[in-house]
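# A structural walkthrough
In case you want the letters, here they are:
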Amino acid sequence: MAAETKTRPRKRGRRGALQVYDVLREEILWVRIAPGSALDERALAARFEVSRTPIREALLLLAGERLVEFLPNRTSIVAHFSLDNTGDYLDTALIISRAMARAAALSGRAEAAVLNEHVERFVQAVEADDWETSLRSELEALRHLAGLSGNIFLIKYFDQVIDAGMRMRVLHYYPNASAEERRASADRLEALVEAVLAGDAAAGDRAIERMILADSAIIVRSLEPGFGAEMRLERVGQGLGAL
């Protein structure tokens, strides 16, 4: 996917390297800059209207998150995306997400109006077949639930888990999820919210587990052969004798 030519509005209080970092991180996670793409410091400096020093600082921050790689020739690229450790990621996502759902349900801080608004935004985006708004609204709802726990460690690591799976969702989940599967995901989010509002930790645990396992199944399916299994290779003619 091609990179956007315009920067997003600056976040208040973020300048220089941090502002560059914010924008590039967003574009990498949402695959607006494709994995393996070169990151030209001169071009980035011109784009952000800064010197090359803040650009290098931003790239170093991104490299620390394994989103940027530095090659031996001093070229920097967007880190390649690999599914090598997907099993480890999904195990971790399950563990932390289940803890998040339980903590949210037991917190007593959930507000029906706020959570139902999150669900409604997600449902509307799904019905409009707007995958980016769907993903953003779903992640906003989950981050809000994590925030209900009041546990700074859980909030921090849950947020990291979400970001670590972003490119996988953009590249492998949404292109392969059917309309029916996306509608079912809205039902699962609604079930999670209902469990949290009811203060039912066990039901919340089951709901988030179903969400992640259903998403995982679609991601795994995206790796299946697209047409090779349906091919039937038959001999044409009688070999060399037919020539």
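The structure we're discussing is the one just above.
Attention in this report is confined to the structure presented alongside it. (Residues numbered from 1 in each chain as written. Predicted model: local features only at pLDDT ≥ 70, side-chain atom pairs only at ≥ 80, totals over all residues. Heavy atoms only, no water.)

## Structural notes on the overall build of the protein
From N to C terminus, the protein includes 10 helices and 2 strands. Along the protein, from the amino end to the carboxyl end, the secondary structure elements read α-α-α-β-β-α-α-α-α-α-α-α. Taken over 243 residues, the protein has a buried fraction of 40%. Across the protein, the fraction of contacts at a sequence separation of at least 24, relative to all contacts at a separation of at least 6, is 72%. Counting only carbon and sulfur atoms, one obtains 53% of the accessible surface of the protein, whose full area is about 14000 Å². (Helix = DSSP H or I, 4+ residues; strand = E, 2+ residues; numbered from the N terminus. Buried < 20%, exposed > 50% of the residue type's maximum accessible area, 1.4 Å probe, protein only. Contact = heavy atoms within 4.5 Å. Areas by Shrake-Rupley, 256 points an atom, 1.4 Å probe, with all protein chains shown as cover.)

## Some points on unusual backbone geometry
With a phi angle near 55°, Val-31 is a residue other than glycine that sits in the positive phi range. Along the chain, Val-31 turns up in the loop between helix H1 (16-29) and helix H2 (41-48). For Val-31, a relative accessible area of 1% corresponds to the buried category.

## Side note on the environment of Glu-140
With respect to the helices, strands and loops of the structure, Glu-140 is situated in helix H6 (residues 131-148). If sequence neighbours within four positions are ignored, Glu-140 has contacts with His-118 and Arg-121.

## Structural notes on H1
Here H1 contains 14 residues, and its C-alpha end-to-end distance of 20 Å stays within 8% of the 20 Å for a straight helix at 1.5 Å per residue. For H1, a buried count of 11 out of 14 residues is recorded, marking the element as mostly surrounded by other parts of the structure. Those residues of H1 that fall on the buried side of the exposure criterion are Ala-17, Gln-19, Val-20, Tyr-21, Asp-22, Val-23, Leu-24, Arg-25, Glu-27, Ile-28 and Leu-29. Close packing links the buried residues of H1 with H2, helix H3 (52-64), strand S1 (68-70), strand S2 (76-78), helix H7 (152-164) and helix H8 (166-173). Two residues or fewer past H1, Val-31 is found with a positive phi of approximately 55°. (Expected span 1.5 Å × (residues − 1).)

## Regarding helix H5 (residues 112-127)
Helix length check: H5 (16 residues) gives 22 Å between terminal C-alpha atoms against 22 Å at 1.5 Å per residue, within 8%. Within H5, the full set of buried residues consists of Leu-115, His-118, Val-119, Phe-122, Val-123, Ala-125 and Val-126. Around the axis of H5, the buried residues are gathered within 165° of arc, so they sit on the same side. Every exposed residue of H5 that faces more than 90 degrees away from the buried side is listed here: Ala-113 and Glu-127. Those residues of H5 that are buried are in contact with H6 and helix H9 (179-197). Positive backbone phi, at 55°, marks Asp-129, one or two positions downstream of H5. (Arc of directions from axis to C-beta.)

## A closer look at the packing of aromatic side chains
Scanning all chains against the criterion turns up 3 aromatic pairs. With centroids separated by 6.0 Å and ring planes inclined at 35°, the aromatic side chains of Trp-30 and Trp-131 adopt a geometry described as tilted. Placement of Trp-30 in the loop between H1 and H2 and of Trp-131 in helix H6 is noted, with a sequence separation of 101 residues between them. For Trp-131, a relative accessible area of 32% puts it in the partly exposed group. Members of the aromatic cluster, connected to one another through ring pairs, are Trp-30, Trp-131, Tyr-173 and Tyr-174. One cation-aromatic arrangement involves Arg-136 over Trp-30; the distance from NZ or CZ to the ring centre is 4.1 Å. It is Arg-169 that lies over the ring of Tyr-173; its NZ or CZ is 5.3 Å from the centre. (Phe/Tyr/Trp six-rings, centres within 6.5 Å; stacked < 30°, edge-to-face > 60°. Lys NZ or Arg CZ within 6 Å of the ring centre and 35° of its normal.)

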